[in-house]
Amino acid sequence: MEFSAKQIADFIQGRVEGNENVTVSTFAKIEDGKPGAISFLSNPKYNHFIYETKSSIVIVNDDMVLEKEVSPTLIRVKNAYEAVARLLQLYDSMKPRKKGIDPLAFISPSAVIGKDCYIGAFAYIGEGVEIGDECQIYPHAVIEDHAKLGEKCIIYPNVSIYHECRLGNRVTIHSGSVIGADGFGFAPSTDGYDKIPQIGIVVIEDDVEIGANTCVDRSTMGQTVVHKGVKLDNLVQVAHNVEVGENTVMSAQVGIAGSTKVGTWCMVGGQAGFAGHITVGDKTFVGAQCGVNSSLKGNQSVIGSPAMEPRGFFRSSVIFQKLPEMYKQLNALQKEIEELKNK
């Protein structure tokens, strides 16, 4: 389908600068632009591409100042990144959705399947499972006994959802992820380690998206909870009895130890790690590779390992770089002191 610059501007509440009748039918990165494509520009590092791109339309921020004329039609908006996200969501919603149950899927007679669902080949749906309307269960996914899924969930290939776990509406889980595996609970004994049975469940609320190969462990007792609107990247580990607050986002390879509570609207960089049994307040920014070993109040930023406020971390980094020189100076001073003592 083709859309004109005017139609797109009306949808994203933008202002056209150029030919409002020019049409596009696909998306392209601004550096790879081609005729008939729409691109966007939100990062100033890419500003020079606006003068070179072959794209027919480019979405830009209102405050962008042009140094010379450009060939594409521009659509100016308050936030170009948010605007293109809305367009991509519209584009994705227009794709046809799979429906129907493949004859090679296994569905227990006691399972309840909603309307207009898709269940792919070799998917396994266990006893007493409940799946809401318009869910998509891709091939080789496993949904174990008495698990419950809300409406419009997407479960990609090779996802495993263990027994009795509960998912809300519009939950997306990407390939290879495991929801509800046993938490890491072992008690030391004279013979080694005795396993502590993990008898709780995992609850994932509405509008959560979980990346590939991410694990959310079931609780020892009670619930491990991922609240509404949370987005977890690939290779994230959420341990037993953890609670992740609404609209928190975590980049790849984040690890959260057991019984830690993370607040709402937090942002966590890649490879950050959280110790167990701590609390992280709302709207906390945790930098990449940060080591959080104690509780944090909300509305703050921390970086480094152990985690500290940025100013202290940068000061410490400067000192760390000077340690070899300081070590030489210290040795020299010790030598002088020894010489003075000998005299």
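Above this note sits the structure.
Draft legend 1. The overall build of the chain, seen in detail. Counting its regular elements, the chain contains 3 helices and 39 strands. In terms of overall size, the chain is more extended than a compact globule, its C-alpha atoms giving a radius of gyration of 27 Å where 343 residues would be expected to give roughly 20 Å. The C-alpha extent of the chain, read off along each of the three principal axes, is 90 × 70 × 30 Å. Within the chain, buried positions represent 39% of all 343 residues. Partitioning the intrachain contacts of the chain with sequence separation of at least 6 by distance along the chain shows that 17% fall at a separation of at least 24.

Draft legend 2. Region of interest: a nonpolar patch on the surface. Taken together, the side chains of Met1, Phe11, Leu90 and Met94 present a nonpolar region at the surface, about 390 Å² in accessible area. Mapping Met94 onto the fold places it in the loop between helix H2 (80-93) and strand E8 (100-101).

Draft legend 3. Seen up close, the packing of helix H1 (residues 5-12) against H2. Here H1 crosses H2 at 105°, and the two axes come no closer than 10 Å. Between H1 and H2, the crossing angle belongs to the class labelled roughly perpendicular. Side by side, H1 and H2 meet where Ile8, Phe11 and Ile12 of the first sit next to Ala83, Arg86, Leu87 and Leu90 of the second. Considered class by class, the residues forming the contact of H1 with H2 number 6 nonpolar, no polar and 1 charged.

Draft legend 4. Examining the pattern of salt bridges more closely. Tallied over the full model, the rule gives 8 salt bridges. In this structure, Asp10 engages Lys6 in a salt bridge whose closest nitrogen and oxygen atoms are separated by 3.2 Å. Of this pair, Asp10 and Lys6 both sit in helix H1, 4 residues apart, roughly one helical turn. Arg170 serves as the salt-bridge partner of Asp207, at 2.6 Å between the closest nitrogen and oxygen. Here the residue Asp207 occupies a position in the loop between strand E24 (201-204) and strand E25 (209-210), and Arg170 occupies one in the loop between strand E19 (166-167) and strand E20 (172-173), the gap between them amounting to 37 residues. A relative accessible area of 24% places Asp207 in the partly exposed class. The network of salt bridges with shared partners includes Arg15, Glu17 and Arg76.

Draft legend 5. The state of the cysteines, seen in detail. Taken as a whole and judged by the stated rule, the model has 0 disulfides. Unpaired in terms of disulfides, Cys135 finds its nearest cysteine sulfur in Cys153, a separation of 4.3 Å. The thiol of Cys165 is not disulfide-bonded; the next cysteine sulfur, from Cys215, is found 12 Å away. With relative accessibility at 0%, the residue Cys165 sits in the buried group.

Draft legend 6. View of helix H3 (residues 310-342). Taking 1.5 Å as the rise per residue, H3 with 33 residues should run 48 Å; its terminal C-alpha atoms sit 46 Å apart, in good agreement. At the N-terminal end of H3, a side-chain oxygen is found 3.0 Å from the backbone nitrogen of Arg311, two or three residues along, and the residue is Glu309.

Draft legend 7. Quick peek at the packing of aromatic side chains. Counted by the stated rule, this structure contains 8 aromatic pairs. Ring geometry for Tyr118 and Tyr138: centres 5.4 Å apart, planes at 75°, overall edge-to-face. Linking Tyr118 in strand E11 (residues 118-119) with Tyr138 in the loop between strand E14 (136-137) and strand E15 (142-143), this pair joins segments that are 20 residues apart in sequence. Its relative accessible area of 11% is what places Tyr118 among the buried residues. With relative accessibility at 16%, the residue Tyr138 sits in the buried group.

Definitions and limits used
- Residues numbered from 1 in each chain as written.
- Predicted model: local features only at pLDDT ≥ 70, side-chain atom pairs only at ≥ 80, totals over all residues.
- Heavy atoms only, no water.
- Helix = DSSP H or I, 4+ residues; strand = E, 2+ residues; numbered from the N terminus.
- Rg over C-alpha atoms; globule rule 2.2 N^0.38 Å.
- Buried < 20%, exposed > 50% of the residue type's maximum accessible area, 1.4 Å probe, protein only.
- Contact = heavy atoms within 4.5 Å.
- Patch = residues over 30% accessible without salt bridge, like charges linked within 9 Å, V, L, I, M, F, W, Y side chains within 5 Å.
- Areas by Shrake-Rupley, 256 points an atom, 1.4 Å probe, with all protein chains shown as cover.
- Salt bridge = Lys/Arg side-chain N within 4 Å of Asp/Glu carboxyl O.
- Axes fitted to C-alpha atoms, helices over the stretch in contact; angles between N-to-C directions.
- Parallel < 35°, antiparallel > 145°, perpendicular 65-115°, else oblique.
- Nonpolar A, V, L, I, M, F, W, Y, C, P; charged D, E, K, R; others polar.
- Disulfide = S-S within 2.5 Å.
- Expected span 1.5 Å × (residues − 1).
- Polar contact = N/O pair within 3.5 Å; in protein donor to acceptor, adjacent residues only side chain to side chain.
- Phe/Tyr/Trp six-rings, centres within 6.5 Å; stacked < 30°, edge-to-face > 60°.

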